[in-house]
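Observations on the three-dimensional arrangement
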Amino acid sequence: MSGRQVYQDEYFTVLVDDRTGIVRTVRSEKPLEALEELDGIFTRLGACLDALGRSRYGLLADLRATPGRNDPQFEAAMVRLRPLWVGGFRKVGVLVRSTVGMMQIQRHARHDGVERLISKDEDELLKYLVQDG
């Protein structure tokens, strides 16, 4: 996917493709270890996404490089922080590398109430997210 880079830190890169109306967040392979750092990480990411005007875009969250983590403390923090990431977009698609990842994101989607397409197929997600007409 082409696009201009509008943000990068050690955990996330954000790319915008105005032609297709898609914002891509690419999660790095760096583990999110210190729970006390999560608020800052997701506040900065959320501010970047807010500045773009979320409702104008579909979001492709590329989680293929993400190390798995599902301990109770992390899961509780992410329930609170995930809306800063995925909330407010026209459509949300999540790109995963495994069936286990797909099942975890499906569980998150049910809990969050944010509809999203979850797939291991990038082309499927891009077709779903592309701005209509």
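Residues numbered from 1 in each chain as written. Predicted model: local features only at pLDDT ≥ 70, side-chain atom pairs only at ≥ 80, totals over all residues. Heavy atoms only, no water.

A few words now on the packing of helix 1 (residues 35-52) against helix 2 (residues 72-86). Helix-helix packing: each pair is described by the crossing angle between the helix axes and the interaxial distance. Two numbers describe how helix 1 lies on helix 2: the axes approach to 9 Å, and their chain directions differ by 15°. On the basis of the axis angle, helix 1 is roughly parallel to helix 2. Helix 1 and helix 2 meet at a crossing whose hand is right-handed. In contact with Leu35, Leu38, Asp39, Phe42, Thr43, Leu45, Gly46 and Leu49 of helix 1, helix 2 contributes Gln73, Phe74, Ala77, Met78, Arg80, Leu81, Leu84 and Trp85. Broken down by class, the residue content of the contact of helix 1 with helix 2 amounts to 11 nonpolar, three polar and two charged. (Axes fitted to C-alpha atoms, helices over the stretch in contact; angles between N-to-C directions. Helix = DSSP H or I, 4+ residues; strand = E, 2+ residues; numbered from the N terminus. Parallel < 35°, antiparallel > 145°, perpendicular 65-115°, else oblique. Left-handed = near helix turned anticlockwise from the far one by under 90°. Contact = heavy atoms within 4.5 Å. Nonpolar A, V, L, I, M, F, W, Y, C, P; charged D, E, K, R; others polar.)

The sheet built from six strands is open, its strands ordered 1-2-3-4-5-6 with mixed pairing. Edge positions in the sheet fall to strand 1 (4-8) and strand 6 (117-119), since each has one partner strand and no second. Averaged over all pairs of adjacent strands, the angle between their axes in this sheet comes to 20°, without regard to strand direction. In terms of strand pairing, strand 3 (residues 22-27) meets strand 4 (residues 58-62) through five bridges, oriented parallel. In the sheet register, threonine 25 faces strand 4, and the bridge partner there is alanine 61. Sheet strands in contact with helix 1 are strand 1, strand 2 (12-17) and strand 3, and its direction is about 5° off that of strand 2. (Pairing = 2+ DSSP bridges.)

Checked against the element boundaries, arginine 82 lands in helix 2. A relative accessible area of 6% places arginine 82 in the buried class. Within the structure, arginine 82 has its side chain in polar contact with the side chain of aspartate 112 (distance 2.7 Å). (Buried < 20%, exposed > 50% of the residue type's maximum accessible area, 1.4 Å probe, protein only. Polar contact = N/O pair within 3.5 Å; in protein donor to acceptor, adjacent residues only side chain to side chain.)

Before going further, it helps to examine the pattern of salt bridges. Enumeration according to the criterion identifies 13 salt bridges in this entry. Salt-bridge contacts for aspartate 71 lead to arginine 69; the nearest nitrogen and oxygen are separated by 2.5 Å. A salt bridge links glutamate 75 to arginine 107; the shortest N-O distance between them is 3.1 Å. Placement of glutamate 75 in helix 2 and of arginine 107 in helix 3 (residues 99-112) is noted, with a sequence separation of 32 residues between them. Among the residues examined, arginine 107 registers a relative accessible area of 36% and is labelled partly exposed. (Salt bridge = Lys/Arg side-chain N within 4 Å of Asp/Glu carboxyl O.)

Attention now moves to the nonpolar core. Formed by 31 residues in total, the largest nonpolar core has its most connected members in Phe12, Val14, Val23, Phe42, Leu49, Trp85 and Val94. Where this core is concerned, the elements lending two or more residues are strand 2, helix 1, strand 4, helix 2, strand 5 (91-95) and helix 3. A per-element tally of this core places helix 1 first, with seven residues. Sequence-distant contacts of valine 94, that is, excluding residues within four places in its chain, are made with Ala61, Leu63, Ile105, Arg116, Leu117, Ile118, Ser119 and Leu125. By size, the runner-up hydrophobic cluster in this structure holds five residues, among which are Ile22, Leu60, Leu125 and Leu129. (Core = buried A, V, L, I, M, F, W, Y, C linked by side-chain atoms within 4.5 Å.)

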